[in-house]
Amino acid sequence: MIYKKDKKGQELNLFRASIEKYLMPLLLVYLASSAWHKISTITEISLYLLFVLTAVTVARHKFTLFPHFSFDVILKVFLLWCLVTSVVSLKLDNSLHDWYKHLLVPLFILYLVAALCKTSARIQLVLRVVISSLGVLLLASMLYYYGAQHHPLSERMNVIRQTGMSINNVGIVAAIPFFAGIYFLNQAAGWRSRTGFLIIILIALTATFLSGTRWAIVGMVLPLPLIFYVLKKRVALFLVFMSLIIGYYSPVARVLTPGALTVRVENMERPAIWHLYGLVVADHPLTGLGFGMDNYTPKLYKEYIAKLPKTERFIRHSFYYSHNMFLDLAVRTGIPGMAIFSLLLLFVFRSLFLSVKRLALLRDRKLALTIMMCLLSVVIQALMTNIFLTRYYYILYLLIGLSAALELLLRRQEKEVYLAGSAQ
């Protein structure tokens, strides 16, 4: 009997090891391919395989897909509230489809990241794969737009038809390669690794400046003082110097002049857009229009632009979206949905702050600070664009998942210290 029990336990351990051996590579394939809309088949296949293997793993042994961290209850409440708004939406089929694709799937990946990234090394592995994928995407976009298409460098980069990345999304895509690249540059030992990460940083920086998007620059600049806690002062000053040089010779140099900023503020359309969709929220404050992405329609736009004062009807283009992440959530999920998500972000930043403060190793504290800078940059930029209506919404959920993984890592370290103290 003892032999059979041991043999059964040994087989179970082998099964666990074999399953986890495939889960992590599949997760990396999914994250690497998510940035590229032309290889969406690979993304879909890896996702379905992750569904199947995760279900088998949970059914066959004690694999916790939903580890408890400080904000997981808020995530689940947000998921359920968005389901409620989907059900009451005028476009039920679209809302349920988008609830699955734009919320249930990324939350599944979020929890999988938190469950699988049990060590600092695994968190770094995920970041390395993601910055490589996004860095190559940014480089390919620049080469296509300014090389193959022969656009002058003075023109803002916009390759939405080829990559699905509009001007307003470039900074969001560049956030992780830029800030995580800085972290890995500091950790790199050999000159080859340092050169590689420096190239990724410069690619992200150049693409952001070539987009000429003011708020992307703000999203990159505001967290920059924190890099002095991640990098050595000389390296940090070198990066700041390179930023100034690249910025001076890019389209952003012209859009950030006092004259250009004055004209931009005088002709700024976003306040009128926010007013327009604020009227939508005022008419549907509880559940909004429903979680579906297709609730922004020309009919809705024409109906509410007619309600604006004449002084605000100067919008030159037809904006069938709200140009603000929080207002977008209010339009589609009502004020409660926006409030729940805002509370979620507060708890995520609190979790990251505690990780920066309490993690045992300096390397891990810098890693937590890096993820905080990435998330802060994305949130700042999302104040001026609709991240949830793009294919790059997964970046936000990924950063939240990595934040959860760091919190769980902190708990394990504190538990080990406690047990070690008790043993003595």
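Chemist: Hey, could you run me through the overall build of the protein in this one?
Modeler: Looking only at helices and strands, the protein has 17 helices and zero strands in total. Of all 424 residues assigned to the protein, the portion counted as buried reaches 51%. Within the protein, counting contacts between residues at least 6 apart in sequence, those at least 24 apart form 79% of the total.

Chemist: What is the right way to read helix 14 (residues 298-305) from this model?
Modeler: At 3.6 residues per turn, the α-helix brings residues three or four places apart onto the same side. Leu-300, Tyr-301, Tyr-304 and Ile-305 are the residues of helix 14 that are buried. Each buried residue of helix 14 sits inside an arc of 120° when the element is viewed along its axis, so together they form one side. Residues Lys-299 and Lys-302 are exposed on helix 14 and point more than 90 degrees away from its buried face. Looking at the buried side of helix 14, the elements it contacts are helix 13 (270-283).

Chemist: Mind showing me how you'd approach the packing of aromatic side chains here?
Modeler: To describe a pair of aromatic rings, you give the distance between the ring centres and the angle between the ring planes. If you walk through the whole model with that rule in mind, you get 14 aromatic pairs. Seen from their ring centres, Phe-69 and Phe-71 are 4.7 Å apart, and the 55° between their planes marks the pair as tilted. Across this residue pair, the class does not change: Phe-69 and Phe-71 are buried. Both rings, one in Phe-341 and one in Phe-388, keep their centres 5.5 Å apart while their planes meet at 80°; by these two values the pair is edge-to-face. Of this pair, Phe-341 sits in helix 15 (residues 325-358) while Phe-388 is found in the loop between helix 16 (362-382) and helix 17 (394-423), placing the two residues 47 residues apart along the sequence. Neither Phe-341 nor Phe-388 differs from the other in exposure class; each is buried. Taking the ring centre of Phe-291 as reference, the NZ or CZ of Arg-332 above it sits at 4.8 Å.

Chemist: Looking at this structure, how should I read empty space enclosed by the protein?
Modeler: It is a probe the size of a water molecule, rolled over the atoms, that shows where empty space is left. The final tally for this structure, using the stated rule, is one cavity of 30 Å³ or more. Of the volumes computed, that of the largest cavity is approximately 60 Å³. Lining the largest cavity are Tyr-30, Leu-31, Pro-106, Ile-109, Leu-110, Tyr-394, Tyr-397 and Leu-398. Among the secondary structure elements, those contributing two or more residues to the lining of the largest cavity are helix 1 (2-33), helix 4 (92-116) and helix 17. Tallied by class, the residues present in the lining of the largest cavity amount to eight nonpolar, no polar and no charged.

Chemist: Can you help me understand helix 2 (residues 40-60) in this one?
Modeler: Helix length check: helix 2 (21 residues) gives 30 Å between terminal C-alpha atoms against 30 Å at 1.5 Å per residue, within 8%. Those residues of helix 2 that fall on the buried side of the exposure criterion are Thr-43, Ser-46, Leu-47, Leu-50, Thr-54 and Thr-57. One side of helix 2 holds all its buried residues, which, seen down the axis, span an arc of 105°. Facing away from the buried side of helix 2 by more than 90 degrees, the exposed set consists of Thr-41, Val-52, Ala-59 and Arg-60.

Chemist: Would you explain the nonpolar core in this entry?
Modeler: Most often, soluble globular proteins keep nonpolar side chains buried together rather than apart. Core analysis: the biggest nonpolar cluster contains 115 residues, and Ile-176, Met-325 and Phe-341 have the highest contact counts within it. Tallying contributions element by element places helix 17 first for this core, with 14 residues. With residues near it in sequence (within four places) discarded, Met-325 still touches Phe-341, Leu-345, Val-379, Ala-382, Thr-385, Ile-387, Phe-388 and Leu-396. Judged by nonpolar contacts, the second largest core, of 15 residues, contains Ile-273, Val-280, Leu-289 and Tyr-304.

What counts, and at which threshold
Residues numbered from 1 in each chain as written. Predicted model: local features only at pLDDT ≥ 70, side-chain atom pairs only at ≥ 80, totals over all residues. Heavy atoms only, no water. Helix = DSSP H or I, 4+ residues; strand = E, 2+ residues; numbered from the N terminus. Buried < 20%, exposed > 50% of the residue type's maximum accessible area, 1.4 Å probe, protein only. Contact = heavy atoms within 4.5 Å. Arc of directions from axis to C-beta. Phe/Tyr/Trp six-rings, centres within 6.5 Å; stacked < 30°, edge-to-face > 60°. Lys NZ or Arg CZ within 6 Å of the ring centre and 35° of its normal. 1 Å grid on protein atoms, 1.4 Å probe; cavity = no way out; pocket = protein on both sides within 12 Å on 5 of 7 lines; lining within 4 Å. Points joined across faces, edges and corners; volume = space filled by probe spheres on them. Nonpolar A, V, L, I, M, F, W, Y, C, P; charged D, E, K, R; others polar. Expected span 1.5 Å × (residues − 1). Core = buried A, V, L, I, M, F, W, Y, C linked by side-chain atoms within 4.5 Å.

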